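Commentary on secondary and tertiary structure
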Amino acid sequence: MEQRLQKLVDRYSRIVFFGGAGVSTESGIPDFRSVDGLYHQKFKYPPEVMLSHTFYETHTAEFFDFYRSKLIVHGAQPNAAHRRLAALEQQGKLTAVVTQNIDGLHQAAGSRRVYELHGSTLRNHCTRCGKSYPVQFIEDAAGVGDGVPRCTACGGIVKPDVVLYEEGLDEATLEGAVRAIRGADMLIVGGTSLAVYPAAGLIRYFRGDDLVVINKDPTPADSMATLVIHGPIGEAMA
Ligand code: ZN
């Protein structure tokens, strides 16, 4: 681990990690908001529209086409940052990971307390009866009829547990994240430009001494940080 970061980590036992897309880009998952990311590619509608609740309701088949091609990722593996965070939790030094990512890679690396602010592509539920389905079910629906995944039990639409534009964050998840950050003695913010609210506002709950920011570009939190590392997070944490 980066030496100055290691020194700080050694000092604390209630570390919380708050992460964004930059944590997953090193696993090959495109960053939504980076210059060459999803938001600058060309589609029939802007991605913010296609990933909105209104679009899901009114253009359901198109929503799932887009969702399948752009949000479901194949074969991505946890990277050095994911693995280090899981190890820190196991060592009793890290109490929680709060993430804006929806790929489940923290859990795949072994992290257990993970607050997924924007949900997860790995969880899907029937909007009528609540039956849960794996991501494969959403994928397999691509070749069937209009491509909209429908519950095998009741015929209701199976919706990913991903927070769409216009939708609020899950309250229990948000509360858990706030509690973790408030109780943290050290906060590491990594791989996020802190541009997306309300998620980015969560770091205001931090009351501890040392805030560390690891991001390729400057963030609004840099001025409050004890340590700022402008570089790839996998490198800083490996
Ligand atoms: Zn159902």
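Read on for a plain summary of the structure. Being a predicted model, the structure only gives us computed values, none of them experimental.

Quick look at the overall build of the chain now. Scanning the chain from N- to C-terminus turns up ten helices and nine strands. Against the globule reference of 18 Å for 238 residues, the chain gives a C-alpha radius of gyration of 18 Å, in line with a compact fold. On the principal axes, the C-alpha backbone points of the chain span a range of 55 × 35 × 30 Å. Burial analysis of the chain (238 residues in total) assigns 50% to the buried set. Across the chain, every contact between residues at least 6 apart in sequence was considered, and the portion connecting residues at least 24 apart equals 63%.

Attention now goes to the sheet that holds strand β8 (residues 210-214). A sheet is described by the order of its strands in space; here six strands give the open sequence β3-β2-β1-β7-β8-β9, paired in parallel fashion. At either end of the open sheet lies a strand with only one pairing partner, and these are β3 (114-116) and β9 (227-229). Pairs of neighbouring strands in the sheet enclose a mean axial angle of 15 degrees, with direction left out of account. Examined bridge by bridge, strand β7 (residues 186-190) and β8 share five bridges and lie parallel to one another. Within the sheet, the bridge partner assigned to M186 lies in β8 and is D210. Running over the sheet, helix α9 (residues 171-182) touches β1 (15-19), β2 (94-99), β3 and β7 and is turned about 130 degrees from β3.

So, how was this worked out
- Residues numbered from 1 in each chain as written.
- Predicted model: local features only at pLDDT ≥ 70, side-chain atom pairs only at ≥ 80, totals over all residues.
- Heavy atoms only, no water.
- Helix = DSSP H or I, 4+ residues; strand = E, 2+ residues; numbered from the N terminus.
- Rg over C-alpha atoms; globule rule 2.2 N^0.38 Å.
- Buried < 20%, exposed > 50% of the residue type's maximum accessible area, 1.4 Å probe, protein only.
- Contact = heavy atoms within 4.5 Å.
- Pairing = 2+ DSSP bridges.
- Axes fitted to C-alpha atoms, helices over the stretch in contact; angles between N-to-C directions.

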